[in-house]
Amino acid sequence: MLLIALASLAVVGLVFGLWFWWACTVPTSKFFRPALIRGPQEGKRIALTFDDGPASPFTEQTLAILRAHEVPATFFLCGKNVEANPDLARRIVAEGHAVGNHTYSHLLLYFQSRPRIAAEIDRTQEVIEKVVGYRPKIFRPPYGARWFGLVPTLRERGMHLVLWSATGYDWKKDAPGIVAATLQELKPGVVILLHDGRETRPAGQVDRSFTVQALPAIIAAVRGRGYQFVPLQDFLPST
Ligand SMILES: [Zn+2]
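These numbers come from a predicted model, not from an experiment.

> Tell me what's going on with helix α7 (residues 175-184), and back it up with residues and numbers.
Inspection of α7 places Ile-178, Val-179 and Thr-182 among the buried residues, and these make up the whole buried set. Buried residues in α7, looked at end-on, bunch into an arc of 100 degrees, giving them a common side. Of the residues in α7, the exposed ones pointing more than 90 degrees away from the buried face are Pro-176 and Gln-184. Of the surrounding secondary structure, the elements contacted by the buried residues of α7 are β6 (166-167), β7 (191-195) and α8 (209-224).

> Talk me through the pairing of strand β2 (residues 73-77); I want residue IDs and the actual numbers.
Buried residues dominate β2, accounting for five of its five residues. Here β2 shows no split at all, with Ala-73, Phe-75 and Leu-77 on one side and Thr-74 and Phe-76 on the other all buried. Pairing analysis gives five bridges linking strand β1 (residues 45-53) to β2, with the strands arranged parallel. The residue bridging Phe-50 from the neighbouring strand is Phe-75, located in β2. What joins β1 to β2 is helix α2 (residues 58-69), and the crossover it makes is right-handed. In the sheet, β2 pairs with strand β3 (residues 98-101) via four bridges, with the strands oriented parallel. Looking at the pairing, Phe-75 lines up with Val-99 of β3.

> Could you give an account of α2, naming the residues involved and the relevant values?
Along its 12 residues, α2 runs 17 Å from first to last C-alpha, staying within 8% of the 16 Å computed at 1.5 Å per residue. Taken together, the buried positions of α2 are Phe-58, Thr-59, Thr-62, Leu-63 and Leu-66. Mapping the buried residues of α2 onto a view down its axis gives an arc of 135 degrees, with all of them on the same face. The outward face of α2, more than 90 degrees from its buried face, is lined by the exposed residues Arg-67 and Ala-68. The secondary structure elements touched by the buried residues of α2 are β1, β2, α4 (86-94) and α8. At the C-terminal side of α2, Glu-70 shows a positive phi close to 55 degrees.

> Mind laying out the environment of Gln-228, listing which residues take part and the relevant values?
Relative to the assigned elements, Gln-228 resides in strand β8 (residues 228-229). For the pair formed by Gln-228 and Leu-3, sequence separation is 225 residues and the distance between their alpha carbons is 59 Å. With residues up to four places along the chain from it excluded, the contact list for Gln-228 reads Lys-44 and Arg-45.

Parameters and conventions
- Residue positions within a chain follow its written sequence, with the count starting from 1.
- Totals for whole chains, interfaces and linings use all residues, but because this is a predicted model, local features are given only for residues with pLDDT of at least 70 and pairs of side-chain atoms are given and counted only at 80 or more.
- Each residue is classed by its C-beta neighbour count within 10 Å, where at least 20 other C-beta atoms makes it buried, 12 or fewer makes it exposed, and intermediate counts make it partly exposed; the C-beta atoms are placed from backbone geometry.
- Here a helix means four or more residues in a row that DSSP labels H or I, a strand means two or more in a row labelled E, and each is numbered from the N terminus.
- For this quantity, the arc is that covered by the directions from the helix axis to the C-beta atoms.
- Placing a C-beta atom from the backbone of each residue, one calls two residues in contact when those atoms lie within 7 Å.
- Strands are labelled as partners when DSSP assigns at least two bridges between them.
- Look down the strands so they point away from you; if going from the first strand over the helix to the second traces a clockwise path, that crossover is right-handed.
- A helix is expected to reach a length of 1.5 Å times the quantity of its residues less one.

Below is the structure:
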């Protein structure tokens, strides 16, 4: 009897653990709300986003492709990377793209205290404002990981939590794989996640050449299917 009770408890614990992991991690989970995962589904509009920059030379290469194809994008920047590459952060904005907050040190937010989460966000807001002249209104957590205290911290600052609904899995795939994965999830209103940097690693430890190689093919295929690239801003509730 005791064994059965213990086994049941273990199963319940496991199921709860899996559910809790899903709730904090998977972008489509609505456990921490509100969050922008996907924009309006009327019209064939999609938004392109890049995380973990600025990181040379991949941010420059990404910007050159976006400029050549006249595609607007949003870059979720880490404060530490902005400090290391202020000119690149300014260039992102000068070329008409938007920037968002992706924490200072690419911190995994699980089990972090609310003051620690707030400090990561605030330090990045200050760095970005100093460099590009404005404080972003959008935040994306590293790894998509949400934790208690994040949503109220963002609300206090008038910021939106942004996740994604399509990705090229460019942290593990080669260029053709990135193109295929991105297109597989293409639907009206999707927010596409790609990367122009890698966490807060220094130059020399970052290689986003597969993403850069994949980008022109993604742009061509997305447009070929009748979709239009719009700024992520268009998907946010107007305030
Ligand atoms: Zn990231």
